[in-house]
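Fold and geometry: a report
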Amino acid sequence: MENSTIISENLFPPVVRNWADKLYAAGLMIYVFACNFSISASQTGLSLAMIGFIAMYRQGRITVRKTPLDAPFAFMALTGLLSVFRAEDLSRAIPELKIYLLIFCFYLAYWPRMSENFQKTLFTIFIVSAGIMGLLNSYRMPDLELTGNRAKGFFSTSMTFGECQTIATLAILTLFGFIKTNTVKMSLLLMGGIATTYSVIFSMVRGAWLGLTAGSLLLLYSFPKRTFIALTIIALSISPLIYFSSDIQERFGGLSLQQTAAIAGKNMDEKFPTASLEASYRRLTIWLRGFQMFENNYAFGVGMNNVKTWYKRLATEFEFKSDLIWGHQHNNFIQIMVMTGFIGLIAFFYFILEAIKLTWRAKKSDNIAWSHSLSLGAASILICFLITGLTEYSWGDEEVSMMALFITGLMMNRSDDYFSTSTAGATATTE
């Protein structure tokens, strides 16, 4: 018990707080509330939190913790920097390097060891905000029933909204999987899960559907009984909406590998059986263009954010006339490969493997305390983000990548407490 007591004495926020502590806490609260609907407000919150953290660090009130992600991410950033020398359009390549600042979303949530109460506060704000966005989206049900309409909340695209609501849904399922509270609070948690799942479905983003499915299956492994109950209730609530929506059924049909393979030989200007299969065909074409770019730029790629420049050289006349010249690859792996080359792709896989190891190791512990149980959800968030990245360039969608990294860091915030004390047989305590 001695080790765990020492750990619990240094949790954030401290008993006596100064302006830096308050600024950091306020910044995080602004972020978890705004990240579900506003990129500018969420970036403001993170900026305030960073200022507060730097001040606390300079005052000696807090330390920077090393993580297994430091070296892999530094390697990724280096490959991005090297690719700039290959870029033809430096005005696009150099500013794009700011994408490597995303890791600080993870660090700001992970570096200071947080108290259980502060973690609960941040997650409560996050889930309430996500649930409100889901409920507001539900009021647009008549509009969403119109053919071709897709839920996008207050974001500019349905992809961003659907993927953010997917992460929120998995966070809700994680909390439902292990917390013990009264029936009213559990019911409210489930209502939030229904609202966010509804938004995911009506965003019509198939990558988000696949990510939610993969993340939910992983939570079934961690919290089988409770996750099954939650998923059953959510499915029963959502099923009628799916049944009466021809758009959603058509989008589900677009996931068929057999039908997608059947259209692979068509020309882009031909008529397609459904809009979803046409979208699938265009993704296949985009990926083909990516491999064509990679063919002669396999070492360091075409340069950060220079994909569109090369795409124009490969596009057909029909693609020009139909405004189908893309600046991204609708796939995290192909996009990074094209921009930063084979070396950049190796760095990305290195980062992914270390991130999976970081989140998965929590499952090796038998500790059932709050922070350990919370960390079990981090793997589901990470896997979801990777799966959505198979059909969208979610790494370049800042709203989504910021949220995925931040929530993962928040879930893993105190996981080291349990690994460091497990060999001594200590059980971590909360304040």
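Below is a short write-up of the structure. Just so you know, these numbers come straight off a predicted model, no measurement behind them.

The number of helices and strands found in the chain is 22 helices and zero strands. Taking 431 residues into account, the globule formula puts the C-alpha radius of gyration at 22 Å, and the chain, at 22 Å, falls close to it. Each principal axis of the C-alpha atoms in the chain carries an extent, and together these give about 70 × 55 × 40 Å. A burial count over the chain gives 54% of its 431 residues as buried. Residue pairs in contact within the chain that sit at least 24 positions apart in sequence constitute 77% of those at least 6 positions apart. In the form shown here, the chain has an accessible surface area of approximately 19100 Å², with 64% of it arising from carbon and sulfur atoms. In the chain, 34 side chains carry a positive charge and 29 a negative one; their mean positions are 4 Å apart.

Considering the arrangement of structural elements, one finds Thr 157 in the loop between helix 8 (141-144) and helix 9 (158-178). Look at Thr 157 and you get partly exposed, because its relative accessible area is 27%. Between the alpha carbons of Thr 157 and Ser 203 there is a distance of 9.1 Å; along the sequence they are 46 residues apart.

Glancing now at the nonpolar core. Core analysis: the biggest nonpolar cluster contains 115 residues, and Tyr 24, Phe 126, Leu 175, Trp 395, Phe 406 and Ile 407 have the highest contact counts within it. Excluding residues that lie within four positions of it along the chain, Ile 407 makes contacts with Phe 123, Phe 126, Ile 167 and Ile 381. Ranked by size, the runner-up nonpolar core spans six residues in total, among them Met 268, Leu 277, Tyr 281 and Leu 324.

Let us now look at the pattern of salt bridges. Applying the stated criterion across every chain, the model contains eight salt bridges. Between Arg 61 and Asp 21 there is a salt bridge, with the nearest N and O atoms lying 2.4 Å from each other. Taken together, the positions of Arg 61 in the loop between helix 3 (39-58) and helix 4 (70-84) and Asp 21 in helix 2 (residues 19-34) put the pair 40 residues apart, joining distant regions of the chain. By relative accessible area, Asp 21 is classed as buried at 2%. As a salt-bridge pair, Glu 392 and Arg 283 come within 2.4 Å of each other at their nearest N and O atoms. One end of the pair, Glu 392, is in the loop between helix 20 (378-388) and helix 21 (398-411); the other, Arg 283, is in helix 15 (residues 275-295), with 109 residues separating them in the sequence. Classification of Glu 392 as buried rests on a relative accessible area of 7%.

With that settled, the discussion passes to the side chain of Thr 160. Its place among the elements puts Thr 160 in helix 9. A distance of 3.0 Å separates a polar atom in the side chain of Thr 160 from a polar atom in the side chain of Thr 157. In contact with Thr 160, not counting residues within four places along its chain, are Phe 155, Asp 397, Glu 399 and Val 400.

This brings us to the packing of helix 10 (residues 183-202) against helix 11 (residues 206-222). For the pair helix 10 and helix 11, the least separation of the axes is 8 Å and the interaxial angle reads 140°. As judged from the angle between their axes, helix 10 and helix 11 are oblique. Contacts between helix 10 and helix 11 involve Thr 197, Val 200 and Ile 201 from the former and Ala 208, Trp 209 and Leu 212 from the latter. Each residue belonging to the contact of helix 10 with helix 11 can be placed in one class, and the counts come to five nonpolar, one polar and no charged.

This brings us to the environment of Leu 108. Mapping Leu 108 onto the fold places it in helix 6 (residues 103-110). In this structure, the C-alpha to C-alpha distance between Leu 108 and Met 412, residues 304 residues apart in sequence, is 12 Å. Discounting residues that sit within four places of it in the chain, Leu 108 has contacts with Tyr 24, Leu 28, Leu 46, Ala 49, Met 50, Phe 53 and Met 114.

Another aspect to go through is the packing of aromatic side chains. The full count for this structure, using the stated rule, is 22 aromatic pairs. Ring geometry for Phe 73 against Phe 351: centres 5.5 Å apart, planes inclined by 65°, an arrangement best described as edge-to-face. Of this pair, Phe 73 sits in helix 4 while Phe 351 sits in helix 18 (residues 332-360), placing them 278 residues apart in sequence. Like Phe 73, the residue Phe 351 is buried in the burial classification. Put simply, the rings of Phe 12, Tyr 24, Phe 53, Phe 104, Phe 106, Tyr 107, Tyr 110, Trp 111 and Phe 118 touch in pairs and so form one group of aromatic residues. The positively charged end of Arg 65 is found above the aromatic ring belonging to Tyr 110, 4.2 Å away from the centroid. The aromatic ring of Trp 310 is capped on one face by Arg 313, whose charged end is 4.7 Å from the ring centroid.

Another point: the environment of Thr 227. Relative to the assigned elements, Thr 227 resides in helix 12 (residues 224-243). With a relative accessible area of 0%, Thr 227 lands in the buried category. For Thr 227 and Leu 175, which are 52 residues apart along the polypeptide, the C-alpha to C-alpha distance reads 9.7 Å. Within the structure, Thr 227 has its side chain in polar contact with the backbone oxygen of Phe 223 (distance 2.7 Å).

Mapping Asp 397 onto the fold places it in the loop between helix 20 and helix 21. This buried residue, Asp 397, is left without a salt bridge; Arg 283 holds the nearest opposite charge, at 11 Å. Each residue touching Asp 397, except ones within four places of it in the same chain, is listed here: Thr 160 and Glu 163.

What follows covers helix 18. Taking 1.5 Å as the rise per residue, helix 18 with 29 residues should run 42 Å; its terminal C-alpha atoms sit only 22 Å apart, a clear shortfall. Approximately 130° is the largest bend angle found in helix 18, and it occurs at Thr 340. Its side-chain oxygen at 2.8 Å from the backbone nitrogen of Phe 333, Asn 331 defines the N-terminal cap of helix 18.

Another aspect to go through is unusual backbone geometry. Put simply, Phe 12 and Pro 13 share a cis peptide bond, and its omega is 0°. Tracing the sequence through the fold places Pro 13 in the loop between helix 1 (2-8) and helix 2. Of note in this structure, Asn 305 is not a glycine but carries a positive phi near 55°. Take Asn 305: it is sitting in the loop between helix 15 and helix 16 (307-314). Its identity is not glycine, yet His 330 carries a phi of approximately 55°, on the positive side.

About the criteria used
Residues numbered from 1 in each chain as written. Predicted model: local features only at pLDDT ≥ 70, side-chain atom pairs only at ≥ 80, totals over all residues. Heavy atoms only, no water. Helix = DSSP H or I, 4+ residues; strand = E, 2+ residues; numbered from the N terminus. Rg over C-alpha atoms; globule rule 2.2 N^0.38 Å. Buried < 20%, exposed > 50% of the residue type's maximum accessible area, 1.4 Å probe, protein only. Contact = heavy atoms within 4.5 Å. Areas by Shrake-Rupley, 256 points an atom, 1.4 Å probe, with all protein chains shown as cover. Lys, Arg positive; Asp, Glu negative; His and termini not counted. Charge placed at Lys NZ, Arg CZ, Asp CG, Glu CD. Core = buried A, V, L, I, M, F, W, Y, C linked by side-chain atoms within 4.5 Å. Salt bridge = Lys/Arg side-chain N within 4 Å of Asp/Glu carboxyl O. Polar contact = N/O pair within 3.5 Å; in protein donor to acceptor, adjacent residues only side chain to side chain. Axes fitted to C-alpha atoms, helices over the stretch in contact; angles between N-to-C directions. Parallel < 35°, antiparallel > 145°, perpendicular 65-115°, else oblique. Nonpolar A, V, L, I, M, F, W, Y, C, P; charged D, E, K, R; others polar. Phe/Tyr/Trp six-rings, centres within 6.5 Å; stacked < 30°, edge-to-face > 60°. Lys NZ or Arg CZ within 6 Å of the ring centre and 35° of its normal. Expected span 1.5 Å × (residues − 1). Bend = angle between axes of the 7 residues up to and from the residue.

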